[in-house]
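Listed below are the residues making up each chain.
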Amino acid sequence: MNFMPTPDCLEVINGPEDGSEFPIIRTPIDVGADPLCALNLCLDQKIADQHARITVVSEGYRVRRLDKAPVWVNGEPTGMVYSRILRPGNILKLGDTELIFRCSPDGLAMRSRGVTTEGDLVWALKLVKKRIGYAVWQAYSFSSAIAGKFVTPFVIISFALLALALLFWDYTSILLSNFIRLRY
């Protein structure tokens, strides 16, 4: 007797692909119009190529926006840094598509009880680290194009610090606004 666990699923309850079911057998799941996305919503014109990312947490799924296109869980907006948890029966809205989360007793979410997952702060730090690396590389490329092979470390460091200052200004305001919203 083979036991095949029933996977959790997201079912489209309103939108261009009404009635479609998307089983969740592993995470992370990228949601978008790109054919490479595990959850491909190609008929909704308001869905970005890389719209959202879904990862498993204990008894549910964490939803994050990947693009500037809005994502809602039960009418509450998510962000690139601030995520929402999708629980059984919750509604996920992306573009003109609404999906309901159906949790199976032997699905991935229920089997993930007690699993440690990264929170919003860890995600934000990883995002900043990735952007810092990119900013330093851009500063180096820009200064190399200007000065050719005679790039001084001072020029590279100056451009990197300027890029980091601009980058941190944006993320600092995002983190502070999320922190203030959580506390008050």
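Whatever comes next refers back to the structure up there.
Residues numbered from 1 in each chain as written. Predicted model: local features only at pLDDT ≥ 70, side-chain atom pairs only at ≥ 80, totals over all residues. Heavy atoms only, no water.

Colleague: How should I be thinking about the sheet that holds strand β2 (residues 21-24) in this particular structure?
Modeller: Remark on secondary structure: sheet strands pair via backbone hydrogen bonds, oriented parallel or antiparallel. An order of β2-β1-β11-β10-β7-β8 is seen for the six strands of this open sheet, with the pairing classed as antiparallel. Looking at strand neighbours, the two that pair on one side only are β2 and β8 (76-77), the edges of this open sheet. In this structure, strand β7 (residues 71-73) lies alongside β8, joined through two bridges in antiparallel fashion. In the sheet register, Trp 72 faces β8, and the bridge partner there is Pro 77. (Pairing = 2+ DSSP bridges. Helix = DSSP H or I, 4+ residues; strand = E, 2+ residues; numbered from the N terminus.)

Colleague: What am I meant to see in unusual backbone geometry here?
Modeller: In most cases, non-glycine residues show a negative phi, while peptide bonds are predominantly trans. Across the junction of Thr 27 and Pro 28, the peptide omega takes the value 5°, indicating a cis bond. Looking at where Pro 28 falls in the secondary structure, it is placed in the loop between β2 and β3 (29-32). A positive phi angle, close to 55°, is found at Asn 74, a residue other than glycine. Tracing the chain through its elements places Asn 74 in the loop between β7 and β8.

Colleague: I'm lost on the pattern of salt bridges in this one. Help?
Modeller: A side chain of one charge can pair with a side chain of the opposite charge if their charged atoms are brought near each other. Scanning the entire structure with this criterion turns up four salt bridges. The shortest N-O distance in the salt bridge between Arg 84 and Glu 76 comes to 3.5 Å. (Salt bridge = Lys/Arg side-chain N within 4 Å of Asp/Glu carboxyl O.)

Colleague: Before we go on, may I ask you to explain the side chain of Glu 11 in this structure?
Modeller: Residue position: Glu 11 is located in strand β1 (residues 8-14). Overall, Glu 11 belongs to the buried group, its relative accessible area being 17%. Every residue in contact with Glu 11, bar those within four places of it in the chain, is listed here: Ser 20, Glu 21, Glu 98, Leu 99, Ile 100 and Arg 102. (Buried < 20%, exposed > 50% of the residue type's maximum accessible area, 1.4 Å probe, protein only. Contact = heavy atoms within 4.5 Å.)

Remember that the coordinates give geometry; whether it matters functionally is a separate question.
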